[in-house]
Amino acid sequence: QVQLVESGGGLVQPGGSLRLSCAVSGSIFSIAMGWYRQAPGKQRELVATITSGGVTNYQDSVKGRFTISRDNAKNTVYLQMNSLKPEDTAVYYCNKGRPDYWRWGQGTQVTVSS
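1. Here we look at the pairing of strand β10 (residues 108-112)
Only one face of β10 is buried: it carries T108, V110 and V112, and the other face, with Q109 and T111, is open. With three bridges connecting them, strand β2 (residues 10-12) and β10 associate as parallel partners. Paired with V12 across the strands is V112, a residue of β10. Bridge count between strand β9 (residues 90-96) and β10: three bridges; the pairing is antiparallel. From the neighbouring strand, A90 faces β10, where its bridge partner is V110.

What follows is the structure, encoded as C-alpha coordinates:
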(Lines give C-alpha, C1' and ligand atoms only; values in the text may rest on other atoms or scores of the structure.)
Protein backbone atom coordinates (compact mmCIF):
# COMPACT_ATOMS: atom_id res chain seq x y z
CA GLN A 1 0.00 0.00 0.00
CA VAL A 2 2.98 2.30 0.39
CA GLN A 3 3.77 3.92 -2.93
CA LEU A 4 7.22 5.04 -4.02
CA VAL A 5 7.61 7.56 -6.81
CA GLU A 6 11.11 8.23 -8.09
CA SER A 7 11.87 11.22 -10.29
CA GLY A 8 14.69 13.38 -11.55
CA GLY A 9 16.48 11.01 -13.89
CA GLY A 10 17.49 11.81 -17.42
CA LEU A 11 20.28 11.88 -19.96
CA VAL A 12 23.47 13.57 -18.83
CA GLN A 13 27.02 13.79 -20.13
CA PRO A 14 29.93 12.24 -18.22
CA GLY A 15 30.94 14.56 -15.41
CA GLY A 16 27.45 15.98 -15.12
CA SER A 17 25.04 16.01 -12.19
CA LEU A 18 21.50 14.96 -11.40
CA ARG A 19 19.35 15.14 -8.29
CA LEU A 20 16.90 12.29 -7.81
CA SER A 21 13.84 12.48 -5.57
CA CYS A 22 11.79 9.73 -3.97
CA ALA A 23 8.33 10.62 -2.71
CA VAL A 24 6.88 8.15 -0.23
CA SER A 25 3.13 7.94 0.39
CA GLY A 26 3.52 7.66 4.13
CA SER A 27 5.72 8.68 6.98
CA ILE A 28 9.37 7.71 6.77
CA PHE A 29 10.03 8.86 10.30
CA SER A 30 12.14 6.24 12.10
CA ILE A 31 12.74 4.28 8.89
CA ALA A 32 16.14 3.83 7.29
CA MET A 33 15.94 4.56 3.58
CA GLY A 34 18.06 3.66 0.60
CA TRP A 35 18.69 4.15 -3.08
CA TYR A 36 19.24 1.17 -5.36
CA ARG A 37 20.02 0.80 -9.04
CA GLN A 38 19.72 -1.83 -11.72
CA ALA A 39 21.78 -1.72 -14.89
CA PRO A 40 20.77 -3.70 -18.01
CA GLY A 41 21.42 -7.40 -17.55
CA LYS A 42 22.49 -6.99 -13.94
CA GLN A 43 21.02 -7.47 -10.49
CA ARG A 44 19.65 -4.59 -8.48
CA GLU A 45 22.33 -3.25 -6.17
CA LEU A 46 22.46 -0.99 -3.15
CA VAL A 47 23.82 2.49 -3.83
CA ALA A 48 23.39 4.36 -0.56
CA THR A 49 21.51 4.26 2.73
CA ILE A 50 20.53 6.83 5.32
CA THR A 51 19.30 6.08 8.81
CA SER A 52 16.45 7.89 10.48
CA GLY A 53 19.07 9.97 12.26
CA GLY A 54 20.90 10.89 9.07
CA VAL A 55 23.86 8.51 9.18
CA THR A 56 24.85 7.59 5.62
CA ASN A 57 26.64 4.73 3.89
CA TYR A 58 27.62 4.39 0.25
CA GLN A 59 28.67 1.78 -2.23
CA ASP A 60 32.39 2.21 -2.81
CA SER A 61 31.95 3.06 -6.47
CA VAL A 62 29.85 6.15 -5.69
CA LYS A 63 31.48 7.33 -2.48
CA GLY A 64 32.62 10.92 -2.78
CA ARG A 65 30.36 11.55 -5.75
CA PHE A 66 26.83 10.82 -4.49
CA THR A 67 25.04 12.21 -1.45
CA ILE A 68 21.87 10.74 0.03
CA SER A 69 19.65 12.95 2.16
CA ARG A 70 16.13 12.99 3.56
CA ASP A 71 13.35 15.37 4.50
CA ASN A 72 11.10 13.56 6.94
CA ALA A 73 8.55 16.38 6.94
CA LYS A 74 8.10 15.90 3.19
CA ASN A 75 8.42 12.10 3.29
CA THR A 76 11.06 12.45 0.61
CA VAL A 77 14.53 11.03 0.04
CA TYR A 78 17.06 12.55 -2.32
CA LEU A 79 20.17 11.42 -4.15
CA GLN A 80 22.53 14.10 -5.38
CA MET A 81 24.69 12.58 -8.11
CA ASN A 82 27.83 14.43 -9.17
CA SER A 83 30.72 13.55 -11.47
CA LEU A 84 28.55 11.00 -13.23
CA LYS A 85 30.19 8.20 -15.18
CA PRO A 86 28.81 5.94 -17.92
CA GLU A 87 28.89 3.03 -15.48
CA ASP A 88 26.31 4.88 -13.36
CA THR A 89 23.76 4.26 -16.11
CA ALA A 90 20.85 2.35 -14.58
CA VAL A 91 17.30 2.57 -13.37
CA TYR A 92 17.39 4.05 -9.88
CA TYR A 93 14.93 3.01 -7.18
CA CYS A 94 14.28 4.00 -3.59
CA ASN A 95 13.00 1.81 -0.79
CA LYS A 96 13.66 0.99 2.80
CA GLY A 97 17.32 0.77 3.68
CA ARG A 98 16.77 -2.65 5.22
CA PRO A 99 15.41 -5.68 3.33
CA ASP A 100 11.82 -5.64 4.53
CA TYR A 101 11.07 -3.70 1.36
CA TRP A 102 7.87 -2.06 0.25
CA ARG A 103 6.64 -2.79 -3.26
CA TRP A 104 9.18 -1.35 -5.68
CA GLY A 105 8.24 1.73 -7.63
CA GLN A 106 8.80 2.37 -11.31
CA GLY A 107 12.26 3.81 -10.81
CA THR A 108 13.83 6.64 -12.76
CA GLN A 109 16.22 6.13 -15.65
CA VAL A 110 19.68 7.68 -15.46
CA THR A 111 21.72 7.56 -18.64
CA VAL A 112 25.27 8.90 -18.67
CA SER A 113 26.58 9.15 -22.20
CA SER A 114 28.42 11.51 -24.50
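On we go.
2. Re the nonpolar core
Ranked by internal contacts, the top residues of the largest apolar core, which has 26 residues, are W35, V47, F66, I68, L79, M81 and Y92. Among the elements of the structure, β3 (18-24), β4 (33-38), β5 (45-50), β7 (66-71), β8 (76-81), β9 and β10 are those that each provide at least two residues to this core. With four residues, β3 is the largest single contributor of residues to this core. With residues up to four places along the chain from it excluded, the contact list for M81 reads G16, S17, L18, L20, R65, F66, Y92 and V110.

3. Topic: the pattern of salt bridges
Under the criterion given, the structure shown has four salt bridges. The salt bridge involving E45 is made with R37; its shortest N-O contact spans 2.8 Å. Residue class for E45 comes out partly exposed when judged on its relative accessible area of 32%. In this structure, R65 and D88 form a salt bridge, with 2.7 Å as the shortest nitrogen-oxygen distance. Of this pair, R65 sits in the loop between β6 (56-58) and β7 while D88 sits in the loop between β8 and β9; the two residues are 23 residues apart in sequence, bridging distant segments of the chain. Since its relative accessible area comes to 1%, D88 is described here as buried. Ionic contacts of the salt-bridge type, sharing partners, join the residues R37, E45, R65 and D88 into one network.

4. A look at the sheet that holds β9
Here six strands make up an open sheet; going across it, the order is β2-β10-β9-β4-β5-β6 and the pairing mixed. The open sheet terminates on both sides in strands that have one partner only, identified here as β2 and β6. Strand-to-strand twist across the sheet, computed as the mean angle between neighbouring axes with direction ignored, equals 25°. As paired elements, β4 and β5 share five bridges and run antiparallel to each other. Along β5, the bridge assignment pairs G34 with T49.

About the cut-offs
- Residues numbered from 1 in each chain as written.
- Predicted model: local features only at pLDDT ≥ 70, side-chain atom pairs only at ≥ 80, totals over all residues.
- Heavy atoms only, no water.
- Buried < 20%, exposed > 50% of the residue type's maximum accessible area, 1.4 Å probe, protein only.
- Helix = DSSP H or I, 4+ residues; strand = E, 2+ residues; numbered from the N terminus.
- Pairing = 2+ DSSP bridges.
- Core = buried A, V, L, I, M, F, W, Y, C linked by side-chain atoms within 4.5 Å.
- Contact = heavy atoms within 4.5 Å.
- Salt bridge = Lys/Arg side-chain N within 4 Å of Asp/Glu carboxyl O.
- Axes fitted to C-alpha atoms, helices over the stretch in contact; angles between N-to-C directions.

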